[in-house]
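Coordinate analysis (summary)
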Amino acid sequence: MGCCSSASAAQSSKREWKPLEDRSCTDIPWLLLFILFCIGMGFICGFSIATGAAARLVSGYDSYGNICGQKNTKLEAIPNSGMDHTQRKYVFFLDPCNLDLINRKIKSVALCVAACPRQELKTLSDVQKFAEINGSALCSYNLKPSEYTTSPKSSVLCPKLPVPASAPIPFFHRCAPVNISCYAKFAEALITFVSDNSVLHRLISGVMTSKEIILGLCLLSLVLSMILMVIIRYISRVLVWILTILVILGSLGGTGVLWWLYAKQRRSPKETVTPEQLQIAEDNLRALLIYAISATVFTVILFLIMLVMRKRVALTIALFHVAGKVFIHLPLLVFQPFWTFFALVLFWVYWIMTLLFLGTTGSPVQNEQGFVEFKISGPLQYMWWYHVVGLIWISEFILACQQMTVAGAVVTYYFTRDKRNLPFTPILASVNRLIRYHLGTVAKGSFIITLVKIPRMILMYIHSQLKGKENACARCVLKSCICCLWCLEKCLNYLNQNAYTATAINSTNFCTSAKDAFVILVENALRVATINTVGDFMLFLGKVLIVCSTGLAGIMLLNYQQDYTVWVLPLIIVCLFAFLVAHCFLSIYEMVVDVLFLCFAIDTKYNDGSPGREFYMDKVLMEFVENSRKAMKEAGKGGVADARELKPMLKKR
């Protein structure tokens, strides 16, 4: 089936409304524009590969323009170019820890060598011995291995001593130091709150020492998130109470364990430890105190919020019950974050590889130091701007496809009275409708988000570059603009999601769907506020439960390493990853709730429960909204406006 024409205009208002029947392609010009944009992205990738950048990226090249691992052509006026490096397959930097903090790159002479030094070389004699045994000369091409210890130029032409142990990076043939602590200065430039270099060294050491525990805890957070999604399907009626009790116990237990560990470590004897171990113990003790105080404050705030919202928990139970039925009938919704994440990772890998190709594309140019750099001249030098816009637009497009897919599947479930007549896989049916009819709508919605995101990112970049240089007024204006654009982006994201739901129901274009969705959200603002407040809070409790469980497990595991590593940064990494994973999974649940409410509002407009106009909705959802209205009236937030009849969107015909 191809694209259908839109339905004819002027039809009787008495005609029975039947959702999901009329299907037409929406926003076709935007689909064509998106396809042309993707063709441009493909051109950039093809250009970077065709100009020889792939070989320079994978094999690497030295400071004279020679590609390692092959025979090279002589470059005019460039000394040491055109060498045969067939036996020299690895790039070695004379000073790998000399970093250019402005351009974010290694500022060192690069040579092609036969092997990377696997052990630390402390003297020039060791460098000479390494060259004689392995046939890998680590000094400049103009210096023979026999002259390493006798030539007065050795201090300039040979690597900086001691030469750190290094290993080749898989697939990219660069010798990288095994101990990444030499990059602490570079990391310190990115993390401005760290002023003590020794602290950063210990933090990096803690991460490297605990990497197995970090990976295990990240896997634990993934498993806990999936278990929570399964629990939501089967025990949605009691899930709210279970989450509330577990969060209370978890927050109290976590706070208690932190204070207990703090007291225990504070009383531990310190006479027999070395000064380095003593410093690590003091860092851990200080971190435990900060964690314990933060956990206490968080627990108190959490209790106060629960106390205020305790009367609305019963309403959330009904909402979760209906959403739980959706997941029972549409089990593939649980795996939706995986497909989206997989698509994003594939695109990001492609984008990064193309960016790396672009970084080595161009003609060889000799810089001030006499070394070779590859630069693009003319209009093609601005291709990376196009590439950055592509990163944002296509990433938003993939996320929007997920929203449209989920909306289409939930809409199909809602407006199918007999659930036995549901498609075999509503998710795949929704994907089919997305590809055949609504890719243009998704492209337009994601482009609008891109238009807001790009100025915000530019302002954030300007703010970071001017940090410490601008006056207070300019700093305030910049931060205000960034904040306003962030708020606008969040509002547009929420409106886009509801516009995709309207498109899935009525098959209207993006602008019409967005307008109709905005009207219904405004006219039912109090109901929307209740659903978002109570429902989002309970989902937030689910995220807190996963983070607390993962963090508590991390505290118990990392506590065994407190004598020889700082576990502040590993614990932060684990908790951030756990929150990210929990957010990805539970955001699908939140999306389902929002789609259900919009479907309910449309259902009440076109149906009144009379014969021939029966409701599509689940009765539990109706009870939830009515109880929500009563609860807001009792709290003094209702009134005449909330008692109005629902006025959802009208299908334009």
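Scroll up a little and you will see the structure.
A brief structural summary. Please read all numbers here as calculations on a predicted model, not as lab measurements.

Walk down a regular strand and you will see the side chains alternate between the two sheet faces. Across the two faces of strand 8 (residues 372-375) the burial differs, with Val-372 and Phe-374 buried and Glu-373 and Lys-375 not buried at all. Examined bridge by bridge, strand 7 (residues 363-366) and strand 8 share 4 bridges and lie antiparallel to one another. By the bridge assignment, Pro-364 is partnered in strand 8 with Phe-374. Here strand 7 hands over to strand 8 after 5 residues, with Gly-370 in that stretch at a positive phi of 90 degrees.

Bringing the packing of helix 12 (residues 383-414) against helix 13 (residues 426-465) into the picture now. It is the contact of helix 12 with helix 13, at a shortest axis distance of 5 Å, that shows an interaxial angle of 140 degrees. As the angle between them shows, helix 12 and helix 13 are arranged oblique. Remark: the crossing between helix 12 and helix 13 carries right-handed chirality. Looking at the contact of helix 12 with helix 13 residue by residue, the classes come out as 19 nonpolar, 8 polar and 3 charged.

In this structure the tally under the stated criterion is 3 disulfides. Note that Cys-68 is cross-linked by a disulfide to Cys-112, the S-S spacing being 1.9 Å. Across the S-S bond of Cys-68 and Cys-112 the torsion is about -80 degrees, and the bridge reads as left-handed. Of this pair, Cys-68 sits in the loop between helix 2 (53-59) and strand 1 (90-93) while Cys-112 sits in strand 4 (residues 110-113); the two residues are 44 residues apart in sequence, bridging distant segments of the chain.

Counting 57 residues, the largest nonpolar core has Leu-333 and Val-592 as the members making the most contacts within it. Those elements giving two or more residues to this core turn out to be helix 7 (211-234), helix 9 (275-309), helix 10 (313-329), helix 12, helix 14 (472-506), helix 15 (510-523), helix 16 (525-558) and helix 17 (568-606). If you tally residues by element for this core, the top one is helix 17, at 18 residues. Among residues more than four places away in sequence, those in contact with Val-592 are Ala-323, Val-326, Phe-327, Leu-333, Val-406 and Val-410. Within the second largest apolar cluster, 23 residues are counted, among which are Ala-110, Cys-112, Cys-116 and Leu-143.

What follows concerns unusual backbone geometry. Here Leu-161 and Pro-162 are connected by a cis peptide whose omega angle stands at -10 degrees. The topology assignment puts Pro-162 in the loop between helix 4 (154-157) and strand 5 (166-168). In the Ramachandran plot, Asn-80 falls in the positive-phi region, its phi being about 65 degrees despite a non-glycine side chain. Structurally, Asn-80 is set in the loop between helix 2 and strand 1.

Criteria and cut-off values
- Residues numbered from 1 in each chain as written.
- Predicted model: local features only at pLDDT ≥ 70, side-chain atom pairs only at ≥ 80, totals over all residues.
- Heavy atoms only, no water.
- Buried < 20%, exposed > 50% of the residue type's maximum accessible area, 1.4 Å probe, protein only.
- Helix = DSSP H or I, 4+ residues; strand = E, 2+ residues; numbered from the N terminus.
- Pairing = 2+ DSSP bridges.
- Axes fitted to C-alpha atoms, helices over the stretch in contact; angles between N-to-C directions.
- Parallel < 35°, antiparallel > 145°, perpendicular 65-115°, else oblique.
- Left-handed = near helix turned anticlockwise from the far one by under 90°.
- Nonpolar A, V, L, I, M, F, W, Y, C, P; charged D, E, K, R; others polar.
- Disulfide = S-S within 2.5 Å.
- Core = buried A, V, L, I, M, F, W, Y, C linked by side-chain atoms within 4.5 Å.
- Contact = heavy atoms within 4.5 Å.

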